[in-house]
Amino acid sequence: MPAASRRGVRHQPAQTAPCRGHPLRQTRSALRSHRHHQHDRQLAPAPRTALMTHDLDRLPIPDYGDYFAALERHGQATILGDEPVKLPVEFARGCWWGQKHHCTFCGLNALGMGYRSKSPGRAMSELSTLLSAYPTVHVEAVDNILDMSYLSSFCTELADRRWDIHVFFEVKANLTREQLAVLRRAGILTIQPGIESLSTHVLKLMRKGSTKLLNIRLLKWARYHGIRVAWNLLAGFPGETDEDYREQVELIPLLHHLFPPDGCSRLWLERFSPYFTDPSFPISDVRPRSSYRHIYPDSLDHSQIAYFFDYTAKGIGSDEAFGALSSAARRWRQRWAEHRPSLIYQRVPGRLVLVDTRAEQPRRAVLTGWQAEAYELCGDRPHSADRIRAGLESAGHRVTTAEVGALLDQCCRSGVMVSEDGHYLSLAIPENPGWW
Ligand code: SF4
């Protein structure tokens, strides 16, 4: 068993400790009866609290020798089919975002959100050791979230080494074009940015710290840099409305040139998440997921062993609204699989040529002069019309904010730009490969 897995097993008693304070009546009474049961039969020692490891540089490098020996014995194709072996590597624990704003649905890090990462030097030597020892080029970072300081240390050094590796990392969704370029150069070819929704209202309910426009920007520049994005659309957050879903359904056809979500589902209630532990959320009737009955005997107290729970939530979107979102996501995946739609722009002196194959009928449009520059100024981050006017003015164009606003609104109506709260983001991706 890999060292990481062994460690996970050792930490189980500490991971279950927080549920002793669980506020939901049903689970609390189940826990009480479980403790009585333990006391009566003198079965188990009192739960102990495991110590949290703060200095990750002191951890041993995992030994995957047994795994690769077994793989060779049984034949890789028999075990994995066409899938490559992916080396799990741990660079950090905890979550620096969750430390400040715990996402309402997230049950990760039961031991505490406190973020700590390996030093860049240690991270590099561990990765080098593992890649030298085992016959694979695929690396799966098991971290909850990339250490942002790695962008100017570990990632840049990785890029300098020019290894032909394929690395996966979970990241925050607000990465910029330049930051994604750093990841791409480092061989980080797949990311999971926790996009979760294309509705700013729903993202706020999740405490995700992102917006519709930032999520779209991530998808856009990831496509440009050739980084695959693994993500899901989530629904079922108390406080959401059908309008939140109707807006996403309208938006999705404009995004068919970007990586589609892998799935669309209602949220799963996880132990340790704020939705599970905070009774102020309108979530009730919490009980272990019924599927546990197919795996574990009834003699076990499922409320003690469950991580996922069935529940009833108030104030969530209707089944119809959710169904429409699921269909839109499915259609997006279909279009992507069929012919990878594109929306690109070509840049020549004095004009931009937009070439759009998202719809059945390809379209072209041309923007000239200051209008071409205004479109491009909305490429890297969402800007207001006045901010764009200021940018144009410093480039020598005399236009009013109203004229700029009218152009950007027209771009939105044409489906080559999106806006929110007076901020605009262009959707087309430059054809030129020089935006690194
Ligand atoms: S969902 Fe991700 S970003 Fe949010 S708290 Fe959990 S690990 Fe952190």
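Small disclaimer: the values here were computed from a predicted structure and weren't measured.

What counts and what doesn't
- Residues numbered from 1 in each chain as written.
- Predicted model: local features only at pLDDT ≥ 70, side-chain atom pairs only at ≥ 80, totals over all residues.
- Heavy atoms only, no water.
- Pairing = 2+ DSSP bridges.
- Helix = DSSP H or I, 4+ residues; strand = E, 2+ residues; numbered from the N terminus.
- Right-handed = clockwise from strand over helix to strand, strands pointing away.
- Near = heavy atom within 4 Å.
- Nonpolar A, V, L, I, M, F, W, Y, C, P; charged D, E, K, R; others polar.
- Salt bridge = Lys/Arg side-chain N within 4 Å of Asp/Glu carboxyl O.
- Buried < 20%, exposed > 50% of the residue type's maximum accessible area, 1.4 Å probe, protein only.
- Contact = heavy atoms within 4.5 Å.
- Axes fitted to C-alpha atoms, helices over the stretch in contact; angles between N-to-C directions.
- Expected span 1.5 Å × (residues − 1).

1. Topic: the pairing of strand β4 (residues 138-141)
Moving residue by residue along a regular strand, the side chains alternate between the two faces of the sheet.
Working step 1: Relative to β4, strand β1 (residues 86-89) runs parallel, the two being bridged by 4 bridges. If you follow K86 over to β4, its bridge partner there is H138.
Working step 2: Crossover handedness for the path β4 to helix α8 (residues 154-161) to strand β5 (residues 166-170): right-handed.

2. Concerning the sheet that holds strand β11 (residues 283-288)
Paired through their backbone hydrogen bonds, the strands of a sheet run either parallel or antiparallel.
Working step 1: In space, the 3 strands of this open sheet follow the order β10-β12-β11, with antiparallel pairing throughout. Each having just a single partner strand, β10 (269-270) and β11 make up the two edges of the open sheet.
Working step 2: By the bridge criterion, 2 bridges tie β10 to strand β12 (residues 308-313) in an arrangement that is antiparallel. Directly across from L269, in β12, lies its bridge partner F309.

3. Regarding the site of the ligand
Working step 1: Taken together, C95, W97, G98, C103, C106, L108, M113, N144 and K208 form the complete shell of residues around the ligand.
Working step 2: Grouping the constituent residues of the shell around the ligand by class yields 6 nonpolar, 2 polar and 1 charged.

4. What about the pattern of salt bridges?
For side chains of opposite charge, pairing can occur when their charged atoms come near one another.
Working step 1: Under the defined criterion, the tally for this structure stands at 21 salt bridges.
Working step 2: Residue K86 is joined to E83 by a salt bridge in which the shortest nitrogen-to-oxygen separation is 3.3 Å.
Working step 3: Owing to a relative accessible area of 44%, E83 belongs among the partly exposed residues under this scheme.
Working step 4: Taking the shortest distance from any N to any O, the salt bridge between E126 and K118 comes out at 2.8 Å.
Working step 5: Given the relative accessible area of 3%, K118 is considered buried.

5. So, the sheet that holds β5
Working step 1: Strands sit in the order β1-β4-β5-β6-β7 across an open sheet of 5 strands; the sheet is parallel. Each having just a single partner strand, β1 and β7 (228-229) make up the two edges of the open sheet.
Working step 2: Its contacts with the sheet place helix α7 (residues 120-133) against β1 and β4, and it is angled at close to 150° to β1.

6. Quick word on helix α18 (residues 401-413)
Working step 1: An ideal rise of 1.5 Å per residue puts 18 Å on 13 residues; α18 measures up with 18 Å between its terminal C-alpha atoms.
Working step 2: Contacts made by the buried residues of α18 are with β15 (363-368), α16 (369-377), α17 (385-394), β17 (417-420) and β18 (423-426).
Working step 3: Phi for G415, located one or two positions after α18, is positive at around 85°.

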